[in-house]
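Chain by chain, the residues:
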Amino acid sequence: MKKDLVLEMKGITKIYPGVTALNQVSIDLRRGEVLALLGENGAGKSTLMKILSGIVPPTEGEIYIDGKQVAPKNIKEARALGVSIIHQELNLIGEMDAAQNMFLGREPKIFGNIIDKKKLYADTQQIMDSLGLEVDIRKPVKYLSVARRQMVEIGKALSFGANIIIMDEPTAPLTSVEIDELFRIIRDLKKEGRSVIYISHRLEEIPVICDRASVLRDGCFIGTEDVEKLDRDRMINMMAGRVLKDLFPKIQAPIGEVLLEVRGLSTDMLKDVSFSVRKGEILALTGLVGAGRTETARAIFGVDPKTAGDIYIRGQKVQIKKPRDAIRCGLAFLTEDRKDEGFVPLMSVKENITLPNLGPVQRGTVIQKSKEVNLVNRYVEDLRIKTPHINQKVQFLSGGNQQKVVLAKWLNLNADILILDEPTRGIDVGAKAEIYTIMGEVAKQGKAVIMISSEMEEVIAVSDRAVVLCEGRVTGCLDRKDYAQEKIMSYAMGGQV
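These numbers come from a predicted model, not from an experiment.

The rules behind each value
Residues numbered from 1 in each chain as written. Predicted model: local features only at pLDDT ≥ 70, side-chain atom pairs only at ≥ 80, totals over all residues. Heavy atoms only, no water. Helix = DSSP H or I, 4+ residues; strand = E, 2+ residues; numbered from the N terminus. Rg over C-alpha atoms; globule rule 2.2 N^0.38 Å. Buried < 20%, exposed > 50% of the residue type's maximum accessible area, 1.4 Å probe, protein only. Contact = heavy atoms within 4.5 Å. Areas by Shrake-Rupley, 256 points an atom, 1.4 Å probe, with all protein chains shown as cover. Lys, Arg positive; Asp, Glu negative; His and termini not counted. Charge placed at Lys NZ, Arg CZ, Asp CG, Glu CD. Pairing = 2+ DSSP bridges. Axes fitted to C-alpha atoms, helices over the stretch in contact; angles between N-to-C directions. Arc of directions from axis to C-beta. Salt bridge = Lys/Arg side-chain N within 4 Å of Asp/Glu carboxyl O. Polar contact = N/O pair within 3.5 Å; in protein donor to acceptor, adjacent residues only side chain to side chain. Phe/Tyr/Trp six-rings, centres within 6.5 Å; stacked < 30°, edge-to-face > 60°.

Asker: Just to check I follow, could you spell out the overall build of the chain for this structure?
Answerer: If you tally the helices and strands in the chain, you get 17 helices and 24 strands. Relative to the globule expectation of 23 Å for 497 residues, the C-alpha radius of gyration of the chain, 24 Å, shows essentially globular dimensions. Over its C-alpha atoms, taken along the principal directions, the chain stretches across nearly 70 × 50 × 50 Å. When burial is assessed residue by residue, the chain has 53% of its 497 residues classed as buried. Of all intrachain contacts in the chain linking residues separated by at least 6 positions in sequence, the fraction that spans at least 24 positions is 66%. On the chain, roughly 22400 Å² of surface is accessible, and the fraction owed to carbon and sulfur atoms is 48%. Averaged over its 71 positive side-chain charges, the chain has a centre that lies 4 Å from the centre of its 67 negative ones.

Right, dumping it as structure tokens:
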């Protein structure tokens, strides 16, 4: 093993019943390096990192840390070896504060079994200070921003003395300012000699923060390159095995009558939000984090109560007090938080897809199995859901394929109005293009699509109109012909053009 290598994974293979998730994959990591781990959804990135962090054992292969062969059997053993993983879905207990989360199960003690709170908070503050962060370490983490919660996770990793830190889609929920802060922290970790494995589908980030990139495709190792030798097209070609000529496919659909109109919608967060969306239209709801985009969708769908405002569907006023009312009115809502709100992890692909609408596969109270299988297989094929079989539990799919299952679930409802909250967050460029195509085809069928997105490139390329929010208010509305990034950003920051 070379002196500057802190990690080597050699010939890693993982076989599950009916599927080979990894096939003879080998990567290495240098001390003080940020290594990008790239690949489409289902390429094997998460499985490889689960093996490194002790969550699952490999079927074959060897792991070396600082030249010594290791075989972590669980997360605790991996942490003892200096490996920590920060998952895309953060694993913090909301009712506990940062210090309690950081040292959960490892609290400093005095007089036998009494927690030494003074040392607990002092040690936590020392870690936060070392990261250059201002975080209220005594506030329950559920009241912290997503960015601050992520910093608590990084602090937690450092509290274990981690020298190898795995970051899975760390920038997905962050603003540009918060991303800059995260990158500063990563650069400081590099200076300390710590190494980072960085998983991201935001390819524009790779040359900014990473030194090298290792690429997986369909469970196989494709290659490792210095990022200075990689451009976007080369990365996509290595990941997909093909050239994606159109990253933002736009299907033109005739725009028709107004399907949904929102008038004066107000909640504790929202203030007099009004807009409409038409048949065949993709309407973007955009703005900075905290602008009220998700809150608008939740209020329309009856998840959160509104304090004022009316909702009209095809010109008729409707009463939506809970999601069941919204579904009856022809609305569907793909939530941003797919893990907790989008699907049932222990249920199969088949069960999740048919869950909200058993009508097409039901006769009386009996589910017709053959019809259910045919229907689900059609969605798996149309949406290119990578799964060994339709009875696979959704928790074992990659993030992008989980997202497609959730989308299939709502498409099966045959709703007239689809609300999609960050539908492409955390998925690869190929899957993104597929979802844009699906959105366009849905609009072409005469349905209306509301797309909530914080990605400016996506908003401009895919939507027909954009409604911009800032601090719970609508600050601008633009037709596609008037799109300009400067205009949208001005509205998003509360300004006027």
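This is not the end of the story, as more comes after the structure.
Asker: Explanation requested: the sheet that holds strand β2 (residues 19-30) in the structure shown.
Answerer: Paired through their backbone hydrogen bonds, the strands of a sheet run either parallel or antiparallel. Pairing within the open sheet is antiparallel, and its four strands lie in the order β2-β1-β4-β5. Each edge of the open sheet is held by one strand with a lone partner, namely β2 and β5 (68-70). Across this sheet, the average inter-strand angle for adjacent strands is 25°, counted without regard to direction. Where strand β4 (residues 60-65) and β5 come together, three bridges link them in antiparallel fashion. Following the sheet pairing, isoleucine 63 is matched in β5 by valine 70.

Asker: Help me understand the environment of glutamine 392 in this model?
Answerer: Note on placement: glutamine 392 falls in the loop between α13 (369-382) and α14 (399-412). Note on glutamine 392: relative accessible area 17%, which makes it buried. With residues up to four places along the chain from it excluded, the contact list for glutamine 392 reads Met347, Ser348, Val349, Thr387 and Leu397.

Asker: Sorry, what's going on with helix α9 (residues 293-300) here?
Answerer: Residue pairs spaced three or four apart in an α-helix point in one direction, given the helix's 3.6 residues per turn. For α9, the set of buried residues is Arg293, Thr296, Ala297, Ala299 and Ile300. Angular distribution of buried residues about the axis of α9 spans 165°; they occupy a single face of the element. Within two residues after α9, glycine 302 carries a phi angle of roughly 85°, on the positive side.

Asker: Would you mind showing me how to read the side chain of aspartate 421 here?
Answerer: Inspection of the secondary structure puts aspartate 421 in strand β21 (residues 417-421). Within the buried set, aspartate 421 has no salt-bridge partner at all; the shortest N-O distance to an opposite charge, 6.3 Å, is to arginine 293. A distance of 2.7 Å separates a polar atom in the side chain of aspartate 421 from a polar atom in the side chain of threonine 294. Excluding its chain neighbours within four sequence positions, the residues that come into contact with aspartate 421 are Thr294, Phe333, Leu334, Thr335, Glu336 and Ile452.

Asker: Sorry if this is basic, but what is going on with the pairing of strand β14 (residues 273-278) here?
Answerer: One face of the sheet, then the other: side chains in a regular strand alternate in exactly this way. The pairing of strand β13 (residues 258-266) with β14 spans five bridges and is classified as antiparallel. Each bridged residue has a counterpart across the sheet, and for valine 258 the counterpart in β14 is arginine 278. A loop of six residues connects β13 with β14, the two strands running antiparallel in sequence, and aspartate 272 in this loop sits at a positive phi of about 55°.

Asker: Please explain the packing of aromatic side chains as it appears in this structure.
Answerer: What characterises a pair of aromatic rings is the spacing of the ring centres plus the angle enclosed by the ring planes. Under the definition given, this model contains four aromatic pairs. Arranged with centres 5.4 Å apart and planes meeting at 25°, the rings of phenylalanine 248 and tyrosine 436 form a pair that is stacked. Here phenylalanine 248, found in the loop between α8 (232-240) and β13, pairs with tyrosine 436, found in helix α15 (residues 429-444); they are 188 residues apart in sequence, far enough to count as distant. For the pair formed by phenylalanine 248 and tyrosine 436, the shared burial category is buried. Ring centres of phenylalanine 301 and tryptophan 410 lie 6.0 Å apart, and the angle between their planes is 85°; this geometry places the pair in the edge-to-face category.

Asker: Just to check I follow, could you spell out the environment of leucine 411 for this structure?
Answerer: Structurally, leucine 411 can be placed in helix α14. Residue classification places leucine 411 among the buried positions, given a relative accessible area of 18%. Taking the C-alpha atoms as reference points, leucine 411 and tyrosine 16, 395 residues apart in sequence, are found 30 Å from one another. With residues near it in sequence (within four places) discarded, leucine 411 still touches Tyr379, Leu383, Leu418, Ile438 and Val442.

Asker: Got a minute to help me understand the pairing of β13 in this structure?
Answerer: With five bridges joining them, β13 and strand β16 (residues 308-313) adopt antiparallel strand pairing. Paired with valine 262 across the strands is isoleucine 311, a residue of β16.

Asker: Whenever I open this one, the sheet that holds β21 confuses me. Can you help?
Answerer: As summarised here, the arrangement of the six strands in space is β18-β21-β22-β15-β23-β24, forming an open sheet in which the pairing is mixed. Of all the strands in the sheet, the pair left with one neighbour each is β18 (331-334) and β24 (473-479). Neighbouring strand axes in the sheet, compared pairwise and without regard to direction, differ in orientation by 15° on average. Judged from the five bridges that link them, β21 and strand β22 (residues 448-452) form a sheet pairing that is parallel. Bridge pairing links leucine 418 to valine 449 in β22. Contacts from α14 reach β18 and β21 within the one sheet, and its direction differs from that of β18 by about 175°.

Asker: Is there a simple way to explain the side chain of lysine 350 in this structure?
Answerer: Structurally, lysine 350 can be placed in helix α12 (residues 349-354). Of the buried charged residues, lysine 350 lacks a salt bridge, with glutamate 372 as the closest side chain of opposite charge at 4.1 Å. Ignoring sequence-local partners within four residues, the contact set of lysine 350 consists of Glu372, Val376, Ile390 and Asn391.

Asker: Help me understand α8 in this model?
Answerer: For α8, every residue scored as buried is listed here: Met235, Ile236, Met238, Met239 and Ala240. Packing partners of the buried residues in α8 comprise β3 (34-38), α7 (206-209), β11 (212-217), β12 (220-226) and α15. In the stretch just after α8, glycine 241 is the one whose phi turns positive, near 75°.

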